[in-house]
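Understanding the architecture of this molecule
Given next are the chains, with one letter for each unit.
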Amino acid sequence: VRGLLDFMDSFDDPQVRKMYELFCTLDIRLDRSASLNESSIHDDVHIVIRKQLSNPLMKYKKMGIIGATMVLRRLGTRTPTPLTPDRRANARSMLDVVTANLNDEISRAFFYDELASLVEEDIMDPVIVEELLARINDDFDTEYFVEYNPDHDEFPPFHPHLQSRCRFNLDQRVSPAPFPPQSPSH
């Protein structure tokens, strides 16, 4: 297993996805078998995913995102039995690891795209899907919305490469004019 994980350098995204799908399937099979040490593959896969996610090169970060998404798929797949607290905690932990390493827009967009594909398959437990949505909404609000009082605050910078302006008032009061004021076009 370790040799295959190290060999993934030359794989493209679909091959990486298939490899992590294989490892997750093996992990499930070993998890059900009392005679085998199931933690070996599980631990190896999680260690490699963490290394890939923390790597600054996008090639490896993408591999880690794909691996983490496949682990989330395994943990969050709808089953006839209710979702166990352990699986839910493991899914939350993997989500924490991924989001902690999404430090640029490209990796964040790639992760959201992978999650969208996963949810679109309609195999996920509704509890996990709700937690994913809540987490993404919280992250989005934290990243892109700011409290701003035009009477007391200076308009905060949004992003170093994007020009920002005040557009909406989420407190349900009358929205202020866009900031800075735009001249009417004729």
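Above this text you will find the structure in question.
The text that follows walks through the structure, step by step, so that each part is easy to find.

Each value, and the rule that gives it
- Residues numbered from 1 in each chain as written.
- Predicted model: local features only at pLDDT ≥ 70, side-chain atom pairs only at ≥ 80, totals over all residues.
- Heavy atoms only, no water.
- Helix = DSSP H or I, 4+ residues; strand = E, 2+ residues; numbered from the N terminus.
- Buried < 20%, exposed > 50% of the residue type's maximum accessible area, 1.4 Å probe, protein only.
- Contact = heavy atoms within 4.5 Å.
- Areas by Shrake-Rupley, 256 points an atom, 1.4 Å probe, with all protein chains shown as cover.
- Core = buried A, V, L, I, M, F, W, Y, C linked by side-chain atoms within 4.5 Å.
- Salt bridge = Lys/Arg side-chain N within 4 Å of Asp/Glu carboxyl O.
- Expected span 1.5 Å × (residues − 1).
- Phe/Tyr/Trp six-rings, centres within 6.5 Å; stacked < 30°, edge-to-face > 60°.

1. A word on the overall build of the protein
The secondary structure content of the protein amounts to seven helices and zero strands. Along the protein, from the amino end to the carboxyl end, the secondary structure elements read α-α-α-α-α-α-α. Here the protein holds 186 residues, and 33% of them are scored as buried. Of the contacts formed within the protein by residues at least 6 apart in sequence, a portion of 57% connects residues at least 24 apart. Total accessible area on the protein stands at roughly 12,300 Å², and carbon and sulfur atoms take up 55% of it.

2. Describing the nonpolar core
Ranked by internal contacts, the top residues of the largest apolar core, which has 37 residues, are Tyr20, Ile49, Leu72 and Phe111. Contributing elements (two or more residues each) for this core: helix H2 (13-32), helix H3 (39-54), helix H4 (58-76), helix H5 (85-100), helix H6 (105-120) and helix H7 (126-144). Ranked by residues supplied to this core, first place goes to H4 with nine residues. With residues up to four places along the chain from it excluded, the contact list for tyrosine 20 reads Leu5, Met8, Val45, Val48, Ile49, Gln52, Met63, Ile66, Gly67 and Met70.

3. Details of the environment of valine 16
Within the secondary structure layout, valine 16 lies in helix H2. Each C-alpha atom of the pair valine 16 and glycine 64 lies 9.3 Å from the other, and the pair is 48 residues apart in sequence. Beyond its immediate stretch of four places on either side in the chain, valine 16 contacts Met8, Phe11, Met63 and Ile66.

4. Structural notes on the pattern of salt bridges
Following the criterion strictly, the structure yields eight salt bridges and no others. Across the pair glutamate 131 and arginine 88 runs a salt bridge whose closest N-O atoms are separated by 2.4 Å. One end of the pair, glutamate 131, is in helix H7; the other, arginine 88, is in helix H5, with 43 residues separating them in the sequence. Overall, the relative accessible area of 33% leaves arginine 88 in the partly exposed class. Taken together, the shared-partner salt bridges connect Arg88, Arg92 and Glu131 into one network.

5. As for the environment of leucine 22
The topology assignment puts leucine 22 in helix H2. Sequence spacing of leucine 22 and methionine 70 is 48 residues, and the spatial spacing of their C-alpha atoms is 9.6 Å.

6. As for the side chain of threonine 69
In this fold, threonine 69 is placed in helix H4. Accessibility expressed as a relative area gives 3% for threonine 69, which makes it buried. In contact with threonine 69, other than residues within four places in its own chain, are Phe111, Glu114 and Leu118.

7. Quick word on the environment of leucine 75
Mapped onto the secondary structure, leucine 75 falls in helix H4. It is 7.4 Å that separates the C-alpha atoms of leucine 75 and asparagine 90, two residues lying 15 residues apart in sequence. When sequence neighbours within four positions are dropped, the list of residues in contact with leucine 75 reads Leu83, Arg87, Asn90 and Ala91.

8. Things to note about H4
Taking 1.5 Å of rise per residue, 19 residues should cover 27 Å, and H4 covers 26 Å from first to last C-alpha, within 8% of that figure. Burial analysis of H4 places 15 of its 19 residues in the buried class, which makes it a mostly covered element.

9. Focus: the packing of aromatic side chains
Taken as a whole, this structure holds two aromatic pairs when the rule is applied. Ring geometry for tyrosine 20 and phenylalanine 23: centres 6.4 Å apart, planes at 75°, overall edge-to-face. Within this pair, tyrosine 20 and its partner phenylalanine 23 are both found in helix H2, separated by three residues, close to a single helical turn. The residues tyrosine 20 and phenylalanine 23 share a single accessibility class, namely buried. Ring centres 6.2 Å apart and planes at 40° place the aromatic pair phenylalanine 111 and tyrosine 112 in the tilted group. Exposure remark for phenylalanine 111: the relative accessible area of 1% places this residue in the buried category. You can call tyrosine 112 partly exposed: its relative accessible area is 25%.

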